[in-house]
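# Observations on chain architecture
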Amino acid sequence: VQLQASGGGLVQAGGSLKLSCQASGSIFSIDHMGWSRQAPGEERELVASITTGGKTHYADSVKGRLTISRDNARDTVYLQMNSLKPEDGAVYYCNANIRDVEGIADYWGRGTQVTVSS
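All of the points below concern the structure found in this document. Remember, it's a predicted structure, so these values are computed and weren't measured experimentally. (Residues numbered from 1 in each chain as written. Predicted model: local features only at pLDDT ≥ 70, side-chain atom pairs only at ≥ 80, totals over all residues. Heavy atoms only, no water.)

Strand order in the open sheet formed by 4 strands is 1-3-8-7, with antiparallel pairing between adjacent strands. Looking at strand neighbours, the two that pair on one side only are strand 1 (2-6) and strand 7 (66-71), the edges of this open sheet. Shown here is a sheet whose adjacent strand axes are inclined to one another by a mean of 15°, direction ignored. Relative to strand 8 (residues 76-81), strand 7 is paired through 6 bridges, and the arrangement is antiparallel. Across the sheet, residue T67 finds its bridge partner in strand 8, namely Q80. (Pairing = 2+ DSSP bridges. Helix = DSSP H or I, 4+ residues; strand = E, 2+ residues; numbered from the N terminus. Axes fitted to C-alpha atoms, helices over the stretch in contact; angles between N-to-C directions.)

Below you can see the structure in the form of structure tokens.
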């Protein structure tokens, strides 16, 4: 099983980006999916998560600006990021709780860089 994230880049403050992350491999089912981020010198923090049924959770710092969604048919999770601030700049990682032939485990993507210029 692999998670492949894409969509990062450089954007001006106030701008928007949309991240995507698709799971692939011998997947039986996917439970929760999410996005975390890590800035230089900081710990990784959970930004947003979403259950199979669409229930979402957001960090207080991103509420109202970032929106997580998923396409269960494509095993893909998205993060729409609007009104970006310089402090949103970080490496963004997707994760998913996946049931495959070996059981249930958390998988992580490699990360995609988001840079927000002021």
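A word on the environment of K55. Tracing the chain through its elements places K55 in the loop between strand 5 (45-50) and strand 6 (56-58). Residue K55 is classed as exposed on the basis of its relative accessible area of 64%. With 50 residues separating them in the primary sequence, K55 and A105 have C-alpha atoms 20 Å apart. Beyond its immediate sequence surroundings of up to four residues, K55 is in contact with S49 and I50. (Buried < 20%, exposed > 50% of the residue type's maximum accessible area, 1.4 Å probe, protein only. Contact = heavy atoms within 4.5 Å.)

Notably, D75 is not glycine yet its phi reads approximately 50°, a positive angle. Of note, D75 is situated in the loop between strand 7 and strand 8. Residue D75 is classed as partly exposed on the basis of its relative accessible area, which comes to 25%.

Below, the discussion takes up the pairing of strand 5. Relative to strand 5, strand 4 (residues 27-38) is paired through 5 bridges, and the arrangement is antiparallel. Counted as the bridge partner of S36 is L46 from strand 5. What sits between the antiparallel neighbours strand 4 and strand 5 is a turn of 6 residues, in which G41 has the positive phi angle 80°. Taken together, the 3 bridges between strand 5 and strand 6 define a ladder with antiparallel strand orientation. Across the sheet, the residue bridging to A48 is Y58, located in strand 6. In this antiparallel pair of consecutive strands, strand 5 and strand 6, the connection spans 5 residues, and G54 shows a positive phi of 100°.

In short, shape yes, function no, at least from these values alone.
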